[in-house]
Amino acid sequence: MSIRHFINLPDICADELKGIIKHAHKLKAEKFDPPQIMAGLSLAMVFDKRSTRTRMSFEIGMKQLGGHTIVMGMGEMQIAGAESIEDTGAVLSRYVDAVMLRMSDHANMEELARNTTIPVINGMTNDSHPCQIMADIMTIEENIGDLKGKKIAWFGDYNNVCKTFEQAAPIWDFELAISTPEDLAPTSTGDKVTYYADAKEAAKNADVIVTDTWISMGEEGKSIDKFMPYQVNSDLMACANDGAIFMHCMPIHKNEEVTPEVLKSPACVIYDEAENRLHAQKAILAWSMLK
Ligand code: CP
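A. Seen up close, the environment of Asn159. Tracing the sequence through the fold places Asn159 in the loop between strand E5 (151-155) and helix H6 (160-172). Apart from residues no more than four positions distant in its own chain, Asn159 is found in contact with Trp154, Asp212, Thr213 and Ser216. Of the polar contacts made by the side chain of Asn159, one reaches the side chain of Asp212; its length is 2.9 Å.

B. Focus on the packing of aromatic side chains. Applying the stated criterion across every chain, the model contains three aromatic pairs. With a centroid separation of 6.1 Å and 55° between ring planes, the pair formed by Trp154 and Phe165 is classed as tilted. Of this pair, Trp154 sits in strand E5 while Phe165 sits in helix H6, and the two are 11 residues apart along the sequence. Residue class for Trp154 comes out buried when judged on its relative accessible area of 0%.

C. Structural context of the sheet that holds strand E3 (residues 98-102). The strand order across the open sheet formed by four strands is E2-E1-E3-E4, and the pairing between neighbours is parallel. Both outer strands of the open sheet, strand E2 (68-73) and strand E4 (120-122), are each paired with one neighbouring strand and no more. Between one strand and the next, the sheet's axes are offset by a mean angle of 20°, whatever the strand orientation. As defined by bridge partners, strand E1 (residues 42-47) adjoins E2 across six bridges and the pair is classed as parallel. If you follow Leu43 over to E2, its bridge partner there is Thr69.

Criteria and cut-off values
Residues numbered from 1 in each chain as written. Predicted model: local features only at pLDDT ≥ 70, side-chain atom pairs only at ≥ 80, totals over all residues. Heavy atoms only, no water. Helix = DSSP H or I, 4+ residues; strand = E, 2+ residues; numbered from the N terminus. Contact = heavy atoms within 4.5 Å. Polar contact = N/O pair within 3.5 Å; in protein donor to acceptor, adjacent residues only side chain to side chain. Phe/Tyr/Trp six-rings, centres within 6.5 Å; stacked < 30°, edge-to-face > 60°. Buried < 20%, exposed > 50% of the residue type's maximum accessible area, 1.4 Å probe, protein only. Pairing = 2+ DSSP bridges. Axes fitted to C-alpha atoms, helices over the stretch in contact; angles between N-to-C directions.

Right, here's the structure in full:
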């Protein structure tokens with residue numbers, strides 16, 4: 001059987017992804033008595049960028065399930081010098097049972113996966129953030145039920161999280177409205193995805209309003225003026241359906257992509273979303289490592 005890498009959502013069949021989410025809900029229900037399914041197994045976690053949620057949720061999740069972890073900054077590893085991706089992958093495969101990486105270059109992560117005999121889990125690249133989207137799907141299901149036919153509206157930057165929502169839309173059969181400055185508009189939109197230059201048009205009839213920082217890690221110093229029409233504020237939330245929820249994968253830049261009023265409103269589910277990283281991560285680990 002092939003190795004179960006968790007790198008690209010479209011590479012995994014829809015039923016498997018839905019099964020992971022179902023397992024995540026179960027693991028959340030069992031959070032005070034977690035099954036010891038990772039006993040004797042080890043996860044390496046490697047980061048080339050800072051992290052709070054990804055690092056903590058994978059580490060705590062693995063330990064709650066009875067497993068072990070080792071965390072390293074990529075800059076501390078020989079791969080930051082002259083060691084090849086090929087050798088790094090082969091050596092990691094002799095020490096641990098899976099590796100989760102935050103690795104900016106998506107192609108490098110895929111190359112690493114071609115050189116391991118253990119699962120590689122994508123803890124975020126510049127192109128995608130599938131673990132975040134799994135937690136987001138779980139959070140939406142908890143708050144408003146089945147995603148089929150729902151409308152999710154994204155505002156701000158067309159970044160890695162937005163691109164992963166695009167990949168998720170046909171899998172979970174929801175409509176995705178993307179509203180960004182026109183120079184950042186997707187060059188082509190996939191099935192279920194529509195671009196709107198006008199933020200209020202995008203928010204109309206939405207069940208979920210979602211945004212992210214306008215300045216991703218590594219983009220510090222860029223101008224944010226052009227993003228202001230895409231700020232999530234009370235006026236924009238008023239365009240959405242009654243009962244619509246507000247989501248943000250965090251960290252938040254208050255008064256930039258979202259206002260304090262929205263963050264304090266009952267629509268805001270950001271801490272459920274952050275907690276669900278833990279439960280979704282555990283289910284992803286189980287899918288990748290226990291087959
Ligand atoms: N949302 C997210 O990935 O958070 P961290 O950068 O803190 O891991």
